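# Tertiary structure, described
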Amino acid sequence: MKLDAEFVCSAVKLTDCPRWHRVEVAIAGRSNVGKSSLLNALTAQKDLARTSKTPGRTRCLNFFSVGERFALVDLPGYGYAKMPRAEAHSIAKMMDDYLARRSNLAVLVSLIDSRRGPEHEEVELAGIIERRNIALIVVGTKSDKLRNSERRAAIGRFQILGVEPILCSAASGAGVDELRRRIVASVERSAKRTSQADLPPSAK
Ligand code: GTP
Ligand code: MG
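Residues numbered from 1 in each chain as written. Chains lettered and ligands numbered in written order. Predicted model: local features only at pLDDT ≥ 70, side-chain atom pairs only at ≥ 80, totals over all residues. Heavy atoms only, no water.

### Here we look at the nonpolar core
To keep it simple, the criterion reads: Residues enter a nonpolar core if they are buried and are Ala, Val, Leu, Ile, Met, Phe, Trp, Tyr or Cys, with the set joined through side-chain atoms within 4.5 Å. Working definition: with a 1.4 Å probe on protein chains only, accessible area under 20% of the residue-type maximum means buried, over 50% means exposed, and in between means partly exposed. The helix count covers DSSP runs of H or I at least four residues long, the strand count covers runs of E at least two residues long, and both are numbered beginning at the N terminus.
Leu61, Phe63, Leu75, Tyr98 and Leu108 are the most contacted members of the largest nonpolar core, which has 30 residues in total. Residue assignment for this core shows that the elements contributing at least two residues are strand S1 (5–11), strand S2 (23–29), strand S3 (61–66), strand S4 (70–74), helix H2 (85–101), strand S5 (105–113), helix H3 (120–131) and strand S6 (135–141). Per-element accounting of this core gives the leading share, five residues, to H2. Within the second largest apolar cluster, 29 residues are counted, among which are Leu3, Val33, Val139 and Val184.

### Some details on the confidence of the model for the protein
As a reminder, the rule being used: One number per residue, pLDDT, summarises how confident the predictor is, and it ranges from 0 to 100.
Across the protein, pLDDT averages 88, with 90% of residues at or above 70. Here helix H5 (residues 176–198) stands out as the element of the protein with the lowest mean pLDDT, 85, in contrast to S6, whose mean of 98 is the highest.

### Quick notes on the pairing of S6
Cut-off, in case you're wondering: When the strands point away from the viewer, a crossover counts as right-handed if the path from the first strand over the helix to the second runs clockwise. Strands are treated as partners if at least two bridges between them are detected by DSSP.
S6 sits mainly inside the fold: six of its seven residues count as buried. Read from S5 through H3 to S6, the crossover connection turns out right-handed. Pairing of S6 with strand S7 (residues 166–167) involves two bridges; the strand directions are parallel. Across the sheet, residue valine 139 finds its bridge partner in S7, namely isoleucine 166. Each parallel crossover has a hand, and for S6 linked through helix H4 (residues 151–156) to S7 it is right-handed.

### As for the side chain of glutamate 24
Using the following cut-off: Definition of a polar contact: a pair of N or O atoms within 3.5 Å, with one able to donate and the other able to accept a hydrogen when the atoms are protein atoms, and with sequence-neighbouring residues admitted only if both atoms are side-chain atoms. It only takes one pair of heavy atoms within 4.5 Å for two residues to be counted as in contact.
Its place among the elements puts glutamate 24 in strand S2. Overall, the relative accessible area of 0% leaves glutamate 24 in the buried class. At 2.8 Å, the side chain of glutamate 24 and the side chain of tryptophan 20 are in polar contact. Not counting chain neighbours up to four residues away, the residues in contact with glutamate 24 comprise Phe63, Ala71, Val73, Tyr98, Arg102, Asn104, Leu105, Ala106 and Val107.

This is how it looks when you write it as structure tokens:
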């Protein structure tokens, strides 16, 4: 399976987001967790999203269309302190608006470093997503940094979210196929829901 993605635009506020009917799959996570790298691994396009050793690289929402059906959205990282306060504030507001109000958002992929597991922000994010009835996929990133003996404990740390994590590595490619399948399945399920919602009640 291939996900051919194409950069469409960047947005710093909700009104900049594309006006389209595509289902959006957003990639969220702490700064430096590996969002942009995983996006590149998922699409097998290594320079699609810009990655960096310096946290806080992605500072706006970047939209990538995939085929005719859906779009991937690379979100700015949260939890990065070394940024002018006004900029951090405007990024946080944009993220809150997008997560709370963007109607195209159907799937959220929450990236969490495999070695850290979920913290307060990730638990809160999962709650927001659940209340909005958006599908949640949980990914433990940089799994290449885990020893085999550490994997079970790493998976155990994710229990608090109530969703089985997929351990992935953009570096080795581990877990990336499974994540791709899960994304496509979630997109298909939510497309079906939307098309049913469009029908009059008697036709359902
Ligand atoms: P921001 O845009 O700043 O929020 O960061 P990001 O979450 O997009 O992270 P990015 O993909 O830029 O990666 C951050 C750093 O982690 C880079 O130095 C990557 O090379 C490294 N990295 C990303 N994925 C992996 C992985 O699977 N394994 C290892 N070992 N390193 C990774
Ligand atoms: Mg990034």
